[in-house]
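Observations on chain architecture
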Amino acid sequence: MDALQAYHSSDSEEENSPCPMPSRSQNAVEKVDESLPSSLGAKLPLPNLDFDSSKRHKENSKESRLHPLLPWSRPPKRSKTHHVHRQLCHQNPALVVNGDEVARTSFEKSLSSAKCLTLPTASSGALLPQSRDRTYHAMSEIARHPDVSSKRLSVAQPYIPKRLRQSSPKSSRDLHSMQTEAAQEKLKETMYVTQPMIAYQLERHTTSKLPKHRTLRLLSHTGPVTHVRWCSASQFSHLLLSSSMDETVRIWNGISKVGGCLQTLNCHRGAVKDAQWGEGGRCVLSCGFDKTARLCDAESGKELQIFDHSSYVSCAKTKPDDPSVFITGTYNSSIFCWDIRTGNREHEYRGKLGQILDVEFLPDCQEFASSCDVVSRDSANKTIMVWDLRTTAAVSNQLYHEKYTCPCLRAHPSDRVFVAQSTANYIALFSTVRPYKLNKFKRYEGHQLEGYHIGCDFSPDGALLVSGSSDGKVYIYDNHTARILKTLQCHSGPCTEVAWHPVLPGVMASCSWDGTVDVWQ
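All of these numbers come straight from a predicted model, not from anything done at the bench.

With that out of the way, let us pick up the overall build of the chain. Summing up its helical and strand segments, the chain has 10 helices and 28 strands in all. Taken across its 521 residues, the chain has 43% of its residues classed as buried. Of all intrachain contacts in the chain linking residues separated by at least 6 positions in sequence, the fraction that spans at least 24 positions is 47%. Here the chain has roughly 29200 Å² of accessible surface; of this, 52% comes from carbon and sulfur atoms.

In structure tokens form, the structure reads like this:
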């Protein structure tokens, strides 16, 4: 009785309430006004826990709507449009890659043929029915990110068997390197073939000419280039030798228009300070900071002999009348004479000289001059000295009377004089006849050294004298008047060495601290 009275009392309270609760069916879904903001307390629908499959068809009616806050409240429907889109994307990959208007129109035509409504463009703001919302979203994502699928398709390549993959080059760089190696092999075959231009000039005697323009620029060196030398054999004088601080010595074809590197010698374990041509131009003598002087075969690149020293080797010079004999200067005040045939040290020239900067044979080849970096109170002592090759005696040690060093010495090809490059920014002229006097009335001025090892050289007929400079220019002087005839802007860095061609008139090579080698004509 008490329970029955309580039930009737609850019914009477619901009837007397001002806002009676609406009746709710068991499977009804509450409609929510999407226009109202979420801050107004929109009511969430009750979760549907009825898993009876017979009642699911009622949920697919038009009255059911996805809740804006819970789009996952009902499993998504996969309409015919979705399946058609997947089939078209599988058959036509361009439809996925190109998210442009052309691909969209083709897709719309295919959908219309499948009795589906056309899709609106991205610019139009029309709403889509719920049955095609997944298709439109998929298409919009593809149009928004076309690069993702295009990158995937660009990576796809046809299958190559493993045996063909190993034999074929891996990249275009490998193919380019193979082509350059093949070109170098062809150039090596003609390494010791006399060029027609040189063969023609060997039969003629012409005077020197001034170079006008650059014909070649060689850029293989990765460090400063210290010296350049044309081949001492006249018939092979198209070969150009260069030594560099990148521990390599290179042989170039300096006459051809291609100007390729014929040989690279990697025998040294330190910076290369100097390099000279050996007997007949078939071998190369080089020295450097690995405390050795090495003799290598120019054609094969093989190392033939090693001459060990107790200190860094700064310079080397072969004897003009006997290429199997050469002298080397070191950093510890020593000069040595070597014989290639025996491999032994023949003579040693000692003194408190400091670093030996350069050595040069005098015209009779029985004496040679040396330059060192010692500057003492007595300015006329030991800066430039003349030695007897056989007796190792110092013939003269008071040639230069100024407190400047001379990093380069060159003998005239026909006159009995030699020049010394001075750090006082001029070239001094000396006699090769005792007592080796300095010519006080002639000097070659205009270039600059600024502490760099700057070289100079005479033309084959001795009429011109060329010198490098620290400002990257090359200065050409008249040997008789000591006037500047021409100035060439060759390099961006200091021009460290210049060399006249022994056969061709007006051909000159220069090298620089920036690692470049130029040929002028």
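Alright, that's what it looks like, and here's the rest.
Here we come to the pattern of salt bridges. Scanning the model with the defined rule gives 17 salt bridges in all. When the shortest N-O distance is used, the salt bridge between Asp322 and Arg341 registers 3.3 Å. Linking Asp322 in strand S11 (residues 322–330) with Arg341 in the loop between strand S12 (334–339) and strand S13 (344–350), this pair joins segments that are 19 residues apart in sequence. Under the relative-accessibility criterion, Asp322 is labelled partly exposed at 22%. With a relative accessible area of 59%, Arg341 lands in the exposed category.

This brings us to the environment of Gly329. Structurally, the position occupied by Gly329 is in strand S11. Under the relative-accessibility criterion, Gly329 is labelled buried at 0%. For the pair Gly329 and Lys317, spaced 12 residues apart in sequence, the C-alpha to C-alpha distance is 9.0 Å. Gly329 has contacts with Tyr312, Val313, Ser314, Cys315, Ser334 and Ile356, leaving out every residue within four places of it along the chain.

Attention now moves to the pairing of strand S21 (residues 438–445). Two strands pair when backbone bridges link them, and strand S20 (residues 426–431) and S21 are joined in this way by four bridges, in the antiparallel orientation. Across the sheet, the residue bridging to Phe430 is Leu438, located in S21. Once S20 ends, the chain turns through six residues before running back antiparallel as S21, passing Tyr436 with a positive phi of about 60°.

What follows covers the UniProt feature "repeat: WD" (unreviewed entry) in the chain. According to UniProt, the feature "repeat: WD" (unreviewed entry) maps to residues 218–253, 306–348, 458–487 and 488–521 in the numbering used here. As annotated, residues 458–487 has a helix share of 0% and a strand share of 50%, and its two end C-alpha atoms lie 16 Å apart. For residues 488–521, the helix share is 0%, the strand share is 50%, and the end-to-end C-alpha distance is 11 Å.

Pairing is antiparallel in the open sheet, where four strands are placed in the order S18-S19-S20-S21. The two strands at the open ends of the sheet, each matched to only one other strand, are strand S18 (408–411) and S21. Strand-to-strand, the axes of this sheet are offset by a mean angle of 25°, without reference to chain direction. Pairing of S18 with strand S19 (residues 417–422) involves four bridges; the strand directions are antiparallel. The partner of Ala411 across the bridge, within S19, is Phe418.

A separate point is the sheet that holds strand S27 (residues 508–512). What links the strands of a sheet is backbone hydrogen bonding, and the strands pair in either a parallel or an antiparallel sense. On the basis of which strands lie adjacent, the open sheet formed by four strands has the order S1-S28-S27-S26 and antiparallel pairing. Both edges of this open sheet fall to strand S1 (214–218) and strand S26 (495–500), since each of them pairs with a single strand only. Mean inter-strand twist for the sheet, computed between neighbouring axes without regard to direction, equals 15°. Here five bridges tie S26 to S27, and the two strands are oriented antiparallel to one another. Counterpart to Ala499 in the pairing with S27 is Ala509.

Turning next to the pairing of strand S9 (residues 303–308). As defined by bridge partners, strand S8 (residues 292–297) adjoins S9 across five bridges and the pair is classed as antiparallel. Bridging from a neighbouring strand, Cys296 pairs with Glu303 of S9. Hairpin remark: S8 followed by S9, antiparallel, with five residues in the connecting loop; positive phi at Gly301, about 80°.

A complete count under the given rule lists zero disulfides for this structure. Summary of cysteine pairing: Cys231 is not part of a disulfide, and the nearest cysteine sulfur, belonging to Cys283, is at 9.8 Å. By relative accessible area, which is 1% here, Cys231 ends up buried. Lacking any disulfide linkage, Cys315 is separated from the closest cysteine sulfur, that of Cys287, by 6.7 Å. On the basis of relative accessible area, Cys315 is assigned to the buried category, the value being 1%.

Quick look at the packing of aromatic side chains now. On inspection of all chains with the given rule, the structure shows 14 aromatic pairs. Relative to Phe236, the ring of Tyr192 lies with its centre 5.1 Å away and its plane at 85°, an arrangement referred to as edge-to-face. One end of the pair, Tyr192, is in the loop between helix H9 (172–189) and helix H10 (196–202); the other, Phe236, is in the loop between strand S2 (225–230) and strand S3 (239–244), and 44 residues separate them in sequence. For the pair Tyr192 and Phe236, a shared accessibility class is recorded, and that class is buried. Measuring from ring centre to ring centre gives 5.7 Å for Tyr312 and Tyr331, while their planes differ by 85°; the resulting arrangement is edge-to-face. Note that Tyr312 is positioned in the loop between S9 and strand S10 (313–319) and Tyr331 in the loop between S11 and S12, a separation of 19 residues in sequence. Three or more aromatic residues joined by ring pairs form one cluster here, namely Phe307, Phe326, Phe336 and Trp338. Geometry around Tyr192 places Arg282 over its ring, the cationic atom sitting 4.1 Å from the centre.

Moving on, we come to the environment of Ala482. Its location among the elements puts Ala482 in the loop between strand S24 (473–478) and strand S25 (484–489). For Ala482, a relative accessible area of 14% gives the class buried. On a C-alpha basis, the gap between Ala482 and Glu445 in space is 7.9 Å, while along the polypeptide they are 37 residues apart.

Parameters at a glance
Residues numbered from 1 in each chain as written. Predicted model: local features only at pLDDT ≥ 70, side-chain atom pairs only at ≥ 80, totals over all residues. Heavy atoms only, no water. Helix = DSSP H or I, 4+ residues; strand = E, 2+ residues; numbered from the N terminus. Buried < 20%, exposed > 50% of the residue type's maximum accessible area, 1.4 Å probe, protein only. Contact = heavy atoms within 4.5 Å. Areas by Shrake-Rupley, 256 points an atom, 1.4 Å probe, with all protein chains shown as cover. Salt bridge = Lys/Arg side-chain N within 4 Å of Asp/Glu carboxyl O. Pairing = 2+ DSSP bridges. UniProt positions renumbered as here; feature names shortened; annotations may be inferred. Axes fitted to C-alpha atoms, helices over the stretch in contact; angles between N-to-C directions. Disulfide = S-S within 2.5 Å. Phe/Tyr/Trp six-rings, centres within 6.5 Å; stacked < 30°, edge-to-face > 60°. Lys NZ or Arg CZ within 6 Å of the ring centre and 35° of its normal.

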